[in-house]
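Geometric and topological summary
For reference, the chains in residue letters:
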Amino acid sequence: MASKLGAARYGKDNVRVCKVHRDEKTGVQTVTEMTVCCLLEGDIDVSYTKADNSVVVATDSIKNTIFILAKQNPVTPPELFGSIIGTHFIEKYKHIHVAHVNIITHRWTRLAVDGKPHPHSFLRDGAETRNVQVDVTEGKGIEIASSISGLHVLKSTGSEFWGFVRDEYTTLPEVWDRILSTEVDATWKWKLFSSLSEVKVDTARFDHAWSAARKITLDFFAKENSASVQAVMYNMAEKILEVVPQVESVDYALPNKHYFEVDLKWHKGLKNTGKDAEVYAPQSGPNGLIKCTVTRPTTAKL
Ligand SMILES: O=c1[nH]c(=O)c2[nH]c(=O)[nH]c2[nH]1
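Residues numbered from 1 in each chain as written. Predicted model: local features only at pLDDT ≥ 70, side-chain atom pairs only at ≥ 80, totals over all residues. Heavy atoms only, no water.

Per an unreviewed UniProt entry, the chain goes by the name Uricase and belongs to Talaromyces proteolyticus. What the UniProt record of the chain gives under Catalytic activity (unreviewed entry) is the line "urate + O2 + H2O = 5-hydroxyisourate + H2O2". The Pathway (unreviewed entry) comment attached to the chain in UniProt states, word for word, "Purine metabolism; urate degradation; (S)-allantoin from urate: step 1/3." (UniProt positions renumbered as here; feature names shortened; annotations may be inferred.)

Spelled out as structure tokens, the structure:
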């Protein structure tokens with residue numbers, strides 16, 4: 001035998017689900033739109049190696065299950081719904097041992113009409129999404145990573161970058177004032193949950209953590225006189241760890257979306273650099289990409 005199956009998982013990706021919650025008393029409706037991916041692992045090798053489909057739960061059935069579970073259960077917070085989906089598959093099928101569920105929740109923010117929140121109209125206010133990766137493993141528990149991505153931010157001052165390595169490869173000037181712009185990708189990983197019931201104990205913690213992570217990210221971005229993307233993202237991550245005790249690590253991945261000054265002095269001596277800069281050229285690429293993982297200091301074992 002020249003080869004063996006090293007790893008295998010399969011399932012349905014891009015399952016688009018929208019659930020409308022209707023409050024009968026108030027008439028207020030709420031919409032949750034998600035894109036779900038659900039991949040399964042287990043004793044499925046023969047479907048790859050022996051063309052034996054008897055172990056295959058069809059990806060079409062996986063899609064059907066996601067819709068049925070969305071009807072029968074709350075779909076928010078996504079950490080809970082992901083845990084419900086994953087737990088279903090490992091409990092329903094003896095030969096399935098791991099379920100990997102990814103949920104992207106798209107924004108439908110309630111419209112304000114005539115100064116009042118509208119009961120059933122919504123606005124896609126930006127590309128930002130709230131995401132979860134939920135990995136449910138038989139005999140181990142539920143691993144949850146929650147994240148925000150696609151949150152575009154820019155500040156037009158309050159950012160510096162100087163003191164970096166200067167050598168024969170360097171052309172970048174040091175700056176004490178620049179535009180800083182990024183698209184936030186922030187992830188916070190929860191301590192392992194032993195079971196679905198442990199996830200259910202306090203589901204409000206997931207919304208609180210999301211609100212806190214979002215607020216911390218935006219507050220630090222705006223308020224800190226940034227020395228670099230690296231320094232500001234570390235401070236954000238540290239603060240999230242401080243306010244959400246059940247989170248064990250925080251990851252940030254921030255592109256540095258450059259806005260170049262445009263020297264226009266060739267045209268009648270127009271001043272448009274340094275303190276006179278007003279017109280900039282946004283760059284689509286290349287961009288910096290700065291990442292980090294921040295964890296809690298490990299306590300020494302006595
Ligand atoms: O905040 C920054 N970090 C860097 O590592 C870097 N490198 C660079 O060219 N500009 C910047 N800005």
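In this section: the overall build of the chain. Along the chain, the regular secondary structure elements total six helices and 12 strands. Dimensions of the chain along its principal axes, counting C-alpha atoms only, are 75 × 65 × 50 Å. In the chain, which comprises 302 residues, the share counted as buried stands at 39%. Taking as baseline every contact in the chain between residues at least 6 positions apart, the subset at least 24 positions apart corresponds to 65%. Carbon and sulfur atoms make up 55% of the accessible area of the chain, which totals about 17700 Å². (Helix = DSSP H or I, 4+ residues; strand = E, 2+ residues; numbered from the N terminus. Buried < 20%, exposed > 50% of the residue type's maximum accessible area, 1.4 Å probe, protein only. Contact = heavy atoms within 4.5 Å. Areas by Shrake-Rupley, 256 points an atom, 1.4 Å probe, with all protein chains shown as cover.)

Looking at the chain, the domain boundaries give domain 1 (8-139) and domain 2 (153-185 + 204-302). The C-alpha-based centres of domain 1 and domain 2 are spaced at 32 Å. Across the domain 1/domain 2 interface, buried area totals approximately 500 Å², and carbon plus sulfur atoms make up 50% of it. Counting the surface domain 1 buries against domain 2, the share from its top three residues, E79, E128 and R130, is 70%. Linking domain 1 with domain 2 are two salt bridges, by the criterion used here. (Domains from an automatic or database assignment. Buried area = accessible area lost by both parts, 1.4 Å probe. Salt bridge = Lys/Arg side-chain N within 4 Å of Asp/Glu carboxyl O.)

Here, the residues flagged by UniProt with the feature "binding site: urate" (unreviewed entry) are T59, D60, F161, R178, V229, Q230 and N256. The annotated residues occupy 198 residues of the chain and do not converge on a single region, their most distant C-alpha atoms lying 51.6 Å apart. Summarising the element assignment, T59 is placed in helix 2 (residues 59-72). For T59, a relative accessible area of 26% corresponds to the partly exposed category. Apart from residues lying up to four places away in sequence, T59 is in contact with Y10, G11 and K12. At a separation of 3.0 Å, a polar atom in the side chain of T59 contacts the side chain of K12. Assessed through its relative accessible area of 42%, Q230 is described here as partly exposed. (Polar contact = N/O pair within 3.5 Å; in protein donor to acceptor, adjacent residues only side chain to side chain.)

All right, on to the UniProt feature "binding site: 5-hydroxyisourate" (unreviewed entry) in the chain then. Using the residue numbers shown here, the UniProt feature "binding site: 5-hydroxyisourate" (unreviewed entry) corresponds to D60, F161, R178, Q230 and N256. A maximum C-alpha distance of 51.6 Å is found for the annotated residues, which run over 197 residues; spatially they are spread out rather than grouped. Looking at where R178 falls in the secondary structure, it is placed in the loop between strand 7 (141-155) and strand 8 (180-190). Residue R178 is classed as buried on the basis of its relative accessible area, which comes to 17%. By the secondary structure assignment, Q230 is in helix 6 (residues 229-243).

Of the strand pairs in this sheet, strand 1 (residues 10-22) and strand 2 (residues 29-42) are connected by 11 bridges, and their pairing is antiparallel. When the sheet's bridge partners are listed, R16 is paired in strand 2 with T35. In this structure, the hairpin formed by strand 1 and strand 2 is closed by a connection of six residues, where G27 is found at a positive phi of approximately 80 degrees. Relative to strand 3 (residues 96-106), strand 2 runs antiparallel, the two being bridged by 10 bridges. Bridging across to strand 3, M34 finds its partner in T105. (Pairing = 2+ DSSP bridges.)

Turning our eyes to something else, we now look at the packing of helix 5 (residues 204-223) against helix 6. Here helix 5 crosses helix 6 at 145 degrees, and the two axes come no closer than 9 Å. Crossing of helix 5 against helix 6: the hand is right-handed. On helix 6, the residues touching A212, A213, I216, T217, F220 and F221 of helix 5 are V232, N235, M236, K239, I240 and V243. Residue composition of the contact of helix 5 with helix 6, grouped by class: nine nonpolar, two polar and one charged. (Axes fitted to C-alpha atoms, helices over the stretch in contact; angles between N-to-C directions. Left-handed = near helix turned anticlockwise from the far one by under 90°. Nonpolar A, V, L, I, M, F, W, Y, C, P; charged D, E, K, R; others polar.)

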